[in-house]
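Residue-level structure breakdown
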Amino acid sequence: MTETLSYAEALKILGCKDSRLVKVVDFAATAALTGWALAGGAELALGLRDLQEDAVRYGNDVVRRVPEWRSGAGRFARTQRLAAVHAVVIVSAYFEALGQVSLPFGLDRLDRDRPGGGTGGGTRAAAFAELVEKLLTEPLPRPEPHRPYAETREAVEHRYRRMSEAVAVYVREVAVWDELSADDRVRVPALLVEGPSAHALRIYDEDYRSLTLDSPEFRMWSLVTETQTFAPGLSRVARLLAELAPPRVGDRPMIHLVRLAAAALDQSLMAVGKAPDDVTLPLLGEGYISPRCKVAEMTGESAPAVKSWWKSRLELADAEAFLVGHLTSPHATQAPLVVLGEPGSGKTKLTEVLAARLAASEFLPIKVELRDVAAESSLISQIEQGISPVLPEKVKYQDLVEAAEGMLPVVMLDGFDELLQAADTNRYDYLEQVQEFQDEQSRLGRPVAVIVTSRTVVADRVRFPQGVLTIELQPFEKEQVRQWLEIWAETNRPVLSRRGRTPLPADVALAQGELARQPLLLLLLAIHDAADNALQRDEAVLGRGRLYESLIRGVADREIVKNPEARALPADRRRGLVDRELVRLGAVALSMFVRGRAVVSEAALDRDLPALCGAPGEEQRDEGGWARRATERFFFVHADDTGDTRDYEFLHATFGEFLVAWLAVYALRDLVRRHGRDDDLAGRLVDDDLLYAVTSFSCLAERGPTVGFAMELLGALPAEVRARSVTLLGALLRESLHERPRRSFLAFRPVRHPVPRRLAAYAANLTLLVVAASDKPVSVSELLHDSGDFARWSSYAHLWKSQLGGEGWTGLIGALPARRVVDGGKRDIRLGGSAESWAFEGAGWWFGRAKPVARTRTLGRYKSYALEERPYLLNVDADLLTDSLHGDDEAHPSLIVVQRTSGQVVSCTRLVEEVLMNRPSSAEARVALYADAIAAVSAFQTLRSRRLLDLVLRALTLEGPAMPFQDRAGILGGLAEDGVDPALWRPLLESMFFERSDSWEILLRAGVPEAVMREVRTP
């Protein structure tokens, strides 16, 4: 959790000079560690009345001086001061209310026997020490931009009740209590608990309203419930920040360069190499619409990768005010802000526009494209790599921050999903490393705010520290679509009218459904319609793949017809030229895809393109210029010049994913064209060289959208073409692992993979394509001509798991729905079909619906279910294609999953892997993880589940006292209750038995059988 201030800490931050307050605060802090006597309580000449008067006087003085603190301090120092002011206001409001409560005695009477005075003074002094500790040293609530003010007010009210309870306890320890009547002894505690709390809350409300008038930060910290006004380019962020502090001038040269690099508002809305001739793209500062967002604070039960989980999260009424409030709050320097969104939702553009707005104020925006840095570097090294293109010489992060002189660095780590794709190892702890970096920098006096962006779908591949704020960008509302199209129309109406066209109307765009709700896709719709107003003439609803293909074909055709000779060609010849252009672009995308990067060098493309796209023998001639010829015409390819080299990247990753899918389907269509009339393929050598070259380097499912695009493209083919594709693909799959005497396209080798890996990728992609092309579920026995033991299927599955790597294997089992069936008394496996989504909605994961059997077990807040095999199998982990889909039922149990209360579904195997390799740092989170894993693996007593349970319990035994004794005892009791073999959990019991003197009683109450404990206790 992020840290909050106590009253004592607030006084130190504000430099309190009130000697009596400082003395009592020091006393309270020391007494908490050493006791009142050693802390000097006997000499403390201060009572509750004195404390009340001093706290109220100092609180009034602090509120009066707030306007003076707007200048003369850096951004973070001012944030700390204002957080300290809020803590002081909470306590001073309480003491003011305490002085006004109607009691049968005054506060001065409580001080007659203050510490050191009278008989029994030692007891009362210790009580006074405990009172000031509870009043002054415990953390206090603070406003947060992601919480409504009502929630902060409720937390303050709860704190007031605890303070009142502490005062009521203290009253019982002083002499005045003995003088009260019996009725007063009943009435006084209730008066102390109820009276000051309610009155203090009213005073706090008044003081907070006063603070919002004197300090705009307090308004930003509680604006979440206000209505958002749509404005382009986050322009309100700049205005709100200008209210907080004046812009800085006279920066050092390196700071000036960094801030200048962030000021991109006058650039095109898309970083294009060449925009279409028919349109003018709006500028970033004008065409970027402030997004709608939902916000959540992460807990152990959060499931940010699950679309349905976000439905109940709080929607920010004003995203711009939230961003300002967050960056000016203490929370920003204690934990990263994670920005999630679907492809095309505007995550990168948000960081670009926000950086530009921050650059004009007292922040130092540092934007880091994670796809361009070394994936395994330390975070500080990645930041230095990110700023190196901006500065003329290499600069250390520390030197940059020191040169900023009080500016708050805001590091924007854009594209965590791209970092995952480039990394060879797991970055599950990346956000924890970010938070550790922030902690370290704060200790060094260099606080830093961090923002991390990522696709929502990969959010389950990183561990979220407790308390981290996460926002998910939401699709456009209708009014935002209309507002953006008004900007588009204003920019393009003159150029379109000269060609007899009109800008895209909002109603026509909204008829396209979700395509109009994502910022990038809305822009593409507008560009697509600008060519010949196709959307305005055609009422059909486009799919994303059809939109991409129509857009690319339209641009390519317009470029081709600029040549008079090409313009005179027949329509089919022109379509062939357009196809050739798409093949080249598909080759560019494939060159990136198989390397696992979003960027490819010019030299690499000059090698790859002629090898795949050139005429026979052309790949041997070093003509050069292939990269530039393939990319120069198309606005969605961005070229980045760095010195003597040139790198290319697609404007958005989904363009590359679509083109890889298009190229694979094109190769399949070419295969059908050449072999479509062959009735008997047995024993014949099918010429699949192009398809093999395109699909044998990487599994298409490494990027989920690629499979979705392939399905859409295949679904648009005529039924007879799809049917012939299924036949050809099945024949190729059955022969895919056998040796071929010769191959074409041998010079196309963007990466050097071992032969088994290429064969595995090819076979996996053939399987994906045959399932995508088929109109009905595919029978494994028919597809592979497999026998009842599924030996061939098993060999393919093991090959895929061993060769495709984590990305390929995980993607394959996520994109390949499967279920066991019994048909005519024979067992089979069916691939594909219309399996309903049971979890991970919208993430491209296909699940069958399974109902729980009678045996269920509740453990804590979690429930594990043993799922029946017969209706469906959930393809949630590696067991789907290996363990769960072959072998007999005795050796391989039904797939076990744990469904959390949030709706998230986690597999048994995944939980065990987390226990063994990725245990969370906090004891509470580890307890929940062990509970999940044990509940899952102990649900069925089979050989495999016994082995997994043994692994989990061994890991728990090694935890020792690091895991709370009561929690371990509860787990043992649950295992005994479920009849799990004591031999499995006896080592854990032995390790705990002599750990504490009352272990016998605790274990017995937890349900551990006394007989088993006696066996362990007896040598």
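Residues numbered from 1 in each chain as written. Predicted model: local features only at pLDDT ≥ 70, side-chain atom pairs only at ≥ 80, totals over all residues. Heavy atoms only, no water.

1. Points about the pattern of salt bridges
Within the structure shown, the criterion is met by 34 salt bridges. A salt bridge links Glu549 to Arg553, with the nearest nitrogen and oxygen atoms 3.1 Å apart. Linking Glu549 with Arg553, this pair stays in helix α23 (residues 544–560), spanning four residues, or about one helical turn. A relative accessible area of 18% places Glu549 in the buried class. Measuring nitrogen to oxygen at the nearest pair gives 2.5 Å for the salt bridge that ties Glu1010 to Arg1014. Taken as a pair, Glu1010 and Arg1014 lie in helix α42 (residues 1010–1017) at a separation of four residues, close to a single helical turn. (Salt bridge = Lys/Arg side-chain N within 4 Å of Asp/Glu carboxyl O. Helix = DSSP H or I, 4+ residues; strand = E, 2+ residues; numbered from the N terminus. Buried < 20%, exposed > 50% of the residue type's maximum accessible area, 1.4 Å probe, protein only.)

2. Some thoughts on the packing of helix α25 (residues 571–595) against helix α26 (residues 602–613)
Relative orientation of the contacting elements α25 and α26 amounts to 125°, with a least axis distance of 10 Å. Classified by the angle between their axes, α25 and α26 sit oblique to one another. In this structure, α25 meets α26 at a crossing whose hand is right-handed. Residue-level inspection shows Val583, Arg584, Ala587, Val588, Leu590, Ser591 and Arg595 of α25 in contact with α26, the latter providing Ala604, Leu605, Arg607, Asp608, Leu609, Leu612 and Cys613. For the contact of α25 with α26, the residue count by class is nine nonpolar, one polar and four charged. (Axes fitted to C-alpha atoms, helices over the stretch in contact; angles between N-to-C directions. Parallel < 35°, antiparallel > 145°, perpendicular 65-115°, else oblique. Left-handed = near helix turned anticlockwise from the far one by under 90°. Contact = heavy atoms within 4.5 Å. Nonpolar A, V, L, I, M, F, W, Y, C, P; charged D, E, K, R; others polar.)

3. Quick look at a nonpolar patch on the surface
On the surface, Leu916, Met917 and Leu951 cluster together into a nonpolar patch covering about 290 Å² of accessible area. For Leu916, the location among the structural elements is in helix α36 (residues 908–917). Classification of Leu916 as partly exposed rests on a relative accessible area of 40%. (Patch = residues over 30% accessible without salt bridge, like charges linked within 9 Å, V, L, I, M, F, W, Y side chains within 5 Å. Areas by Shrake-Rupley, 256 points an atom, 1.4 Å probe, with all protein chains shown as cover.)

4. Remarks on the environment of Trp177
Summarising the element assignment, Trp177 is placed in helix α7 (residues 175–179). According to the relative accessible area criterion, Trp177 is buried, its value standing at 13%. Residues Trp177 and Val188, spaced 11 residues apart in sequence, show a C-alpha to C-alpha distance of 9.5 Å. Trp177 has contacts with Val171, Arg172, Arg185 and Pro189, leaving out every residue within four places of it along the chain.

5. Focus: the sheet that holds strand β6 (residues 449–455)
Read across the sheet, seven strands follow the order β2-β1-β7-β3-β6-β5-β4 without closing on themselves; strand pairing throughout is mixed. Both edges of this open sheet fall to β2 (314–315) and β4 (363–369), since each of them pairs with a single strand only. Sheet topology places β4 next to strand β5 (residues 408–414); seven bridges connect them, and they run parallel. Bridging from a neighbouring strand, Leu364 pairs with Pro409 of β5. Strands β4 and β5 of the sheet are contacted by helix α16 (residues 397–404), whose axis makes an angle of about 155° with β4. (Pairing = 2+ DSSP bridges.)

6. Thoughts on the pairing of strand β7 (residues 469–474)
Looking along a regular strand, one sees side chains alternate from face to face of the sheet. In terms of burial, β7 is largely enclosed, as six of its six residues are buried. Burial of the side chains of β7 extends over both faces: Leu469, Ile471 and Leu473 are buried on one face and Thr470, Glu472 and Gln474 on the other. One ladder, built from six bridges, connects strand β1 (residues 292–297) with β7; its direction is antiparallel. In the strand pairing of β7, Glu297 is matched with Leu469. Inspection of the sheet shows strand β3 (residues 337–341) paired to β7 by four bridges, in the parallel sense. Each residue of the ladder has a partner; that of Leu337, found in β7, is Leu469.

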